[in-house]
Amino acid sequence: MLEDVQKGLEGVLVAESGLSSIDGDAGRLIYRGYDIETLAREATYEEVLYLLWHDELPTAEELEAFADSIAEERELSADVLETVRRLAASGEEPMAALRTAVSALSADEPEPDADPEDLDATLRKGRRITAKIPTILAAFERYRMDEAPVDPHPDLDLAENFLYMLTGEEPDDIAAETIDQALILHADHGLNASTFTSMVVASTMADVYSSVTAGIGALSGPLHGGANQDVMEMLIEVDESDRDPLDWVKNATDEGRRIPGFGHRVYNVKDPRAKILQARCKELSEANGDEKWYDYTTTIEEYLTEEQGLVEKGIAPNVDFYSGTVYYQLGIPVDMYTPIFAMSRVGGWVGHVLEYQEDNRLIRPRGRYTGPEEAEWVPIDER
Ligand code: SDX
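This report concerns the structure included in the present document. What you are looking at is a predicted structure, and each value in this text was computed from that prediction instead of being measured.

Checked against the element boundaries, Ala88 lands in helix 4 (residues 78-89). Each C-alpha atom, one on Ala88 and one on Thr44, is 31 Å from the other, the two residues being 44 residues apart in sequence. Contacts of Ala88, omitting those with residues within four sequence positions, involve Phe140, Tyr143 and Arg144.

Another point: a nonpolar patch on the surface. Judged by side-chain polarity, Leu9, Val14 and Leu191 come together as a nonpolar surface patch covering roughly 210 Å² of accessible area. Secondary-structure assignment places Leu9 in the segment before strand 1 (20-23). You can call Leu9 partly exposed: its relative accessible area is 38%.

Okay, helix 11 (residues 227-241) next. Compared with an ideal rise of 1.5 Å per residue, which puts 15 residues at 21 Å, helix 11 spans 21 Å between its outermost C-alpha atoms and is within 8% of the ideal. Residues of helix 11 that are buried: Ala227, Asn228, Gln229, Val231, Met232, Met234, Leu235, Ile236 and Val238. Positive backbone phi, at 55°, marks Asp242, one or two positions downstream of helix 11.

Moving on to helix 5 (residues 94-105). Its twelve residues give helix 5 an end-to-end C-alpha distance of 16 Å, which sits within 8% of 16 Å, the value for a rise of 1.5 Å per residue. Regarding helix 5, the residues found buried are Pro94, Met95, Ala96, Ala97, Leu98, Ala101, Val102 and Leu105. Of the surrounding secondary structure, the elements contacted by the buried residues of helix 5 are helix 4, helix 6 (119-144), helix 10 (208-219) and helix 16 (337-358).

This part takes up the site of the ligand. Residues in contact with the ligand amount to 20 residues; listed here are only the nearest, His189, Ile259, His264, Arg265 and Arg273. Here a nitrogen atom of the ligand and a backbone polar atom of Leu223 are 3.1 Å apart. Take Ile259: an N or O atom from its main chain is 2.6 Å from a nitrogen atom of the ligand. When isolated, the ligand has an accessible area of 1100 Å², and the protein chains bury 68% of it. Most atoms of the ligand, that is more than half of them, are within 2 Å of grid points of the largest pocket.

Another point: the nonpolar core. Buried together is how nonpolar side chains tend to be arranged in soluble globular proteins. One finds Tyr31, Leu98, Phe162, Val212, Ile259, Ile300 and Ile332 to be the most contacted residues of the largest nonpolar core, which totals 102 residues. Composition of this core by domain shows at least three residues from each of domain 1 (28-222 + 336-358) and domain 2 (227-329). Not counting chain neighbours up to four residues away, the residues in contact with Tyr31 comprise Leu19, Ser20, Ile36, Leu39, Val48, Leu51, Leu52, Ile184, Leu185, His186, Ala187 and Asp188.

Under the defined criterion, the tally for this structure stands at 22 salt bridges. Here Glu111 ties to Arg124 by a salt bridge, and the two come within 2.7 Å at their closest N and O atoms. Separated by 13 residues along the polypeptide, Glu111 in the loop between helix 5 and helix 6 and Arg124 in helix 6 bring together distant segments of the chain. For Arg124, a relative accessible area of 27% puts it in the partly exposed group. One salt bridge in this structure joins Asp239 and Lys292, with 3.2 Å as the shortest N-O distance. Taken together, the residues Asp239 in helix 11 and Lys292 in helix 14 (residues 292-307) connect sequence positions 53 residues apart. Looking at Asp239, the relative accessible area reads 22%, which means it is partly exposed.

Rules of the game
Residues numbered from 1 in each chain as written. Predicted model: local features only at pLDDT ≥ 70, side-chain atom pairs only at ≥ 80, totals over all residues. Heavy atoms only, no water. Helix = DSSP H or I, 4+ residues; strand = E, 2+ residues; numbered from the N terminus. Contact = heavy atoms within 4.5 Å. Patch = residues over 30% accessible without salt bridge, like charges linked within 9 Å, V, L, I, M, F, W, Y side chains within 5 Å. Areas by Shrake-Rupley, 256 points an atom, 1.4 Å probe, with all protein chains shown as cover. Salt bridge = Lys/Arg side-chain N within 4 Å of Asp/Glu carboxyl O. Buried < 20%, exposed > 50% of the residue type's maximum accessible area, 1.4 Å probe, protein only. Expected span 1.5 Å × (residues − 1). Near = heavy atom within 4 Å. Polar contact = N/O pair within 3.5 Å; in protein donor to acceptor, adjacent residues only side chain to side chain. 1 Å grid on protein atoms, 1.4 Å probe; cavity = no way out; pocket = protein on both sides within 12 Å on 5 of 7 lines; lining within 4 Å. Sits in = over half its atoms within 2 Å of the grid points. Core = buried A, V, L, I, M, F, W, Y, C linked by side-chain atoms within 4.5 Å. Domains from an automatic or database assignment.

Any functional reading would require information that these geometric values do not contain.
Written out as structure tokens, the structure is:
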């Protein structure tokens with residue numbers, strides 16, 4: 001047994017995986033050997049899903065069949081739609097609503113009794129969940145706006161179909177490309193907290209609905225996926241403060257506030273995904289003729305990096321620092337940003353569940369007991 005406790009499992013190797021690798025010093029991320037920059041530029045989200053789940057890039061025919069197999073599974077049952085409607089009416093937080101709705105999907109699962117060792121069945125279930133998450137989120141938002149849900153568009157791919165179901169209009173090319181690229185960037189990232197959570201559940205041979213539901217719960221926290229929403233709320237606070245962003249961030253850091261979107265357990269330099277999203281943010285700002293949000297974000301980054309010297313300390317912008325301003329300029333509600341993260345990361349969760357269960361071993365670490373060894377029982381009336 002390892003003697004010293006590694007709190008937070010920091011630096012502890014718990015599994016081998018071929019899905020993705022992060023070089024925290026070089027600021028490099030690869031999915032099955034392909035640089036994230038290449039995938040973001042050349043691939044589609046469906047292509048990346050295929051790569052993560054099938055260990056290689058698809059041919060054109062394989063991709064068409066794979067994309068069709070996802071498109072066929074997008075619809076929600078009347079029961080799940082009613083669950084989503086009630087959650088929206090109750091004012092439920094979107095990530096909590098997603099966690100509940102994904103769990104409710106299992107009641108409609110066509111292969112409920114599939115053998116957990118049957119990884120082909122697990123893949124089909126994971127594909128169903130992945131296909132339905134955009135429909136759940138769009139329906140939730142429509143219900144919140146007192147609008148009827150928009151049915152999935154049969155000819156649009158997963159990412160642009162999400163925007164279509166949100167607004168009822170087909171997105172323009174920039175928006176469609178941007179959201180698809182965002183899903184590629186968030187699809188997988190080693191053994192982050194939510195992926196590891198999914199693996200722990202999978203290691204008990206529980207069903208993939210349980211793994212994904214658990215992953216959603218882990219992702220919702222502000223130290224993990226919730227940071228993208230916190231960054232946008234911070235930028236809105238800057239905007240409403242009528243203070244110069246430089247003045248605002250100086251004051252915030254003087255007050256000891258931890259700026260969301262900065263820092264990472266693995267990256268000691270700027271997250272390569274943040275660089276790509278920053279470029280997207282600039283492109284959208286120029287296309288929209290409003291560079292305010294881009295300027296706020298870069299001003300805060302420059303101050304923390306140069307004045308505060310955070311990057312020297314290995315604290316740099318992560319993926320959440322620019323994703324919010326990209327989504328904001330696409331007109332997506334701020335509290336839907338982490339759900340979009342989940343819409344993408346479900347691909348990584350399912351990929352890691354399949355990979356880990358192929359050579360499964362129950363994940364069960366040890367803890368060092370620090371309580372008394374010999375406690376003497378005292379009857380309650382003598383305590
Ligand atoms: C994601 O793991 C993944 O791969 C996650 C992710 C993925 O794709 O799945 O990349 C997505 O979750 C990105 C991270 C999103 N979270 C945030 O942006 C929240 C703000 N950042 C943090 O709270 C923090 O950086 C963590 C939680 C992300 C990482 O925390 P660690 O590794 O536990 O680091 P720590 O909290 O112990 O901080 C180490 C040092 C501390 O300084 P000292 O006390 O040692 O002097 O870095 C400092 C911290 O004070 N620090 C910050 C900071 N974050 C850490 N200082 C200023 N601002 C910050 N935001």
